[in-house]
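Each chain, letter by letter, is given below.
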Number of protein chains: 2
Amino acid sequence: MIQFFAPDIAENPILPESDSQHAIRVLRLGVGDRVQVVDGKGNVYDCIIAEPHQKRTLLSIVDSRPQLPHWPFNITIAVAPTKHLDRMEWLIEKMVEIGFNRFVPLLCRHSERKELKIERLQKIAVSAMKQSLKATLPTIEPMTPISQFIKEQSAIESQKFVCYCSDEITERLVLAEQLQPLRDTTVLIGPEGDFSPDEISATLDSGFKAVTLGDTRLRTETAALYSLSTIHVVNQLSR
Amino acid sequence: MIQFFAPDIAENPILPESDSQHAIRVLRLGVGDRVQVVDGKGNVYDCIIAEPHQKRTLLSIVDSRPQLPHWPFNITIAVAPTKHLDRMEWLIEKMVEIGFNRFVPLLCRHSERKELKIERLQKIAVSAMKQSLKATLPTIEPMTPISQFIKEQSAIESQKFVCYCSDEITERLVLAEQLQPLRDTTVLIGPEGDFSPDEISATLDSGFKAVTLGDTRLRTETAALYSLSTIHVVNQLSR
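Calculation notes
Within every chain, residues take consecutive numbers counted from 1 along the sequence as written. Numbering of ligands from 1 and lettering of chains from A proceed in the order in which they are written. At least 70 in pLDDT is required for a residue's local features to be given in this predicted model, at least 80 for side-chain atom pairs to be given and counted, and no such filter applies to totals for whole chains, interfaces and linings, which use all residues. Side-chain numbers come from the whole structure's heavy atoms, not from hydrogens or water. We call two strands paired when DSSP finds no fewer than two bridges between them. Helix numbers and strand numbers start at the N terminus; a helix is a DSSP run of H or I with at least 4 residues, a strand a run of E with at least 2. Delimitation of the domains relies on an automatic or database domain assignment. Here a residue-residue contact requires only that any non-hydrogen atoms of the pair lie within 4.5 Å. Salt bridges are defined by distance alone: a side-chain nitrogen of Lys or Arg within 4 Å of a carboxyl oxygen of Asp or Glu. Each polar contact in these results corresponds to two N or O atoms within 3.5 Å; when the atoms are within protein, one needs to be able to donate a hydrogen and the other to accept it, and residues that are neighboring in sequence are counted only if both atoms are side-chain atoms. Buried area: the accessible surface (1.4 Å probe) lost by two parts on joining, summed over both. What counts as an axis is a line fitted to C-alpha atoms, over the stretch in contact for a helix, and the angles between N-to-C directions run from 0 to 180 degrees. Each angle gets one of four labels, with under 35 degrees taken as roughly parallel, over 145 as roughly antiparallel, 65 to 115 as roughly perpendicular, and the rest as oblique. In this classification, Asp, Glu, Lys and Arg are treated as charged, Ala, Val, Leu, Ile, Met, Phe, Trp, Tyr, Cys and Pro as nonpolar, and every other residue, Gly included, as polar.

### A closer look at the sheet that holds strand β2 (residues 14-15) of chain B
All names here are of chain B.
- Read across the sheet, five strands follow the order β1-β3-β4-β5-β2 without closing on themselves; strand pairing throughout is mixed. Here the strands that pair on one side only, and so sit at the sheet edges, are β1 (3-5) and β2.
- For strand β3 (residues 34-38) and strand β4 (residues 43-51), the ladder comprises five bridges, and the chain directions are antiparallel. Bridge pairing links R34 to I48 in β4.

The structure is reproduced here in structure tokens:
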């Protein structure tokens, strides 16, 4: 099944340019063909092509329904982006497939990357959402200083974890063992050079639990994906 | 910490060319500098550089020890390789970081890729082993017809799972719920066009359990990595 994306379909039943091109030029769909469209806000629309157009295909909505959420809680993953952008692009694709709600790129003391253009990451997220047949587009925030993120999180009722490499500060527990199912969850992953001691103290003071993902050394993007997988596995086991 | 790889160090305490280059030209190490070397067979060697050389650096072994296994059982992941090779390369890097023992690329009826050169995958595995500070190099098999793999597996005492997309053949259970910790485990992941009905029957007849990874559609390489993560999380939870 191929799924299309039209964020404004409720007000304006038109396939945007890239999806119109794909439907009309690549797939050669025409008047009367059925297509499934999502709005990225959790809704699925069964449609019929009313007026095919390479840039603005007009749709006729036959039926619409909210997609049942794949996981009934909020997942926020905050990561200090890697030096190589392709590792972040890969991470976003995989995270969207597996499922999360909000990605926050963190600016840390030891960040190897201080700037991040999120437009390309957002495009990758749209593509992965369509490919994995989801109806909700996760939020990708702009680069956020870690102090600001911690402050914002202190107002949120969520179980919060910080993963880091240094053995110095406190005894760390394994994330899988600490996670409670069916609760909003936030996981923080540090930069390649790890969080600074000040940053770790600030997260712990703010209610984050220090955790490890196991006794193997993972790259930043692998740690982020493994922690997301851990959240889903723990929830699969709780059903 | 930087780790080097010398597969024959026990008989021949010399850093091979690429690692000698890295140690001497890039890191500018010299006589008397300490280095940590692994043999890919599970052993760690503390060494001192005796004679630096850009192609054949002679080492003096100070101490050696077997590395405690990160997981005390065998993990085999068998995957029909994707059309795009970079997705397989990425998968091998991430699987080595997270940890497994054996990768078998499967030739299936609907495989989009019928040939696979494993030399590059092996290089990526070596690099990820060093980066993630492991002492054991996983095995990467050559392309194997699925019928041959199933036959070989029927002689092995292991819990065996096959992940596929089709809903037609049998009710599937969630992998996380079916896994028993601390047991040798084999997981089969089908091609982008899924296994053929014959292939699925053959795996089920041979003792594989049909499982799903959840209710989201994952790409082949994402499914392989998620199933590997599931194995580790279930084992982390059993400790």
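### Structural notes on the domain arrangement of chain A
Residue and element names in this part refer to chain A.
- The domains assigned to chain A are domain 1 (3-66) and domain 2 (75-237).
- If you average the C-alpha positions of domain 1 and of domain 2, the two centres end up 33 Å apart.
- Across the boundary between the two partners, domain 1 contributes eleven residues, which contact eight residues of domain 2.
- The tally of links from domain 1 across to domain 2 stands at one salt bridge.
- Here K130 makes a salt bridge to D19, at a shortest N to O gap of 3.0 Å.
- Connecting domain 1 to domain 2 are seven residue pairs in polar contact (both at pLDDT 80 or more).
- Tallying contributions element by element places strand β1 (residues 3-5) first for the side of domain 1 that touches domain 2, with three residues.

### Things to note about the interface of chain B and chain A
- Facing 35 residues of chain B, the contacting portion of chain A comprises 35 residues.
- Carbon and sulfur atoms make up 50% of the area that chain B and chain A hide from each other, which totals about 3,200 Å².
- Its largest share of buried area at the contact with chain A, chain B owes to B:R217, B:Y226 and B:Q236, together 21% of the area lost on that side.
- Where chain B meets chain A, there are eight salt bridges.
- Between B:R87 and A:E93 there is a salt bridge whose closest N-O contact spans 2.8 Å.
- Counting every contact that joins chain B to chain A gives 24 residue pairs in polar contact (both at pLDDT 80 or more).
- Where the side of chain B that touches chain A is concerned, the elements lending two or more residues are α2 (85-98), α3 (118-131), α5 (175-178) and α7 (220-237) of chain B.

### Considering the packing of helix α2 (residues 85-98) of chain A against α7(B)
- Interhelical geometry of α2(A) versus α7(B) gives an angle of 75° and a closest axis separation of 11 Å. The angle between α2(A) and α7(B) places the two elements in the roughly perpendicular class. When α2(A) is examined against α7(B), the residues A:E93, A:K94, A:E97 and A:I98 are found in contact with a partner set consisting of B:E221, B:T222 and B:Y226.
- Its residues assigned to classes, the contact of α2(A) with α7(B) shows two nonpolar, one polar and four charged.

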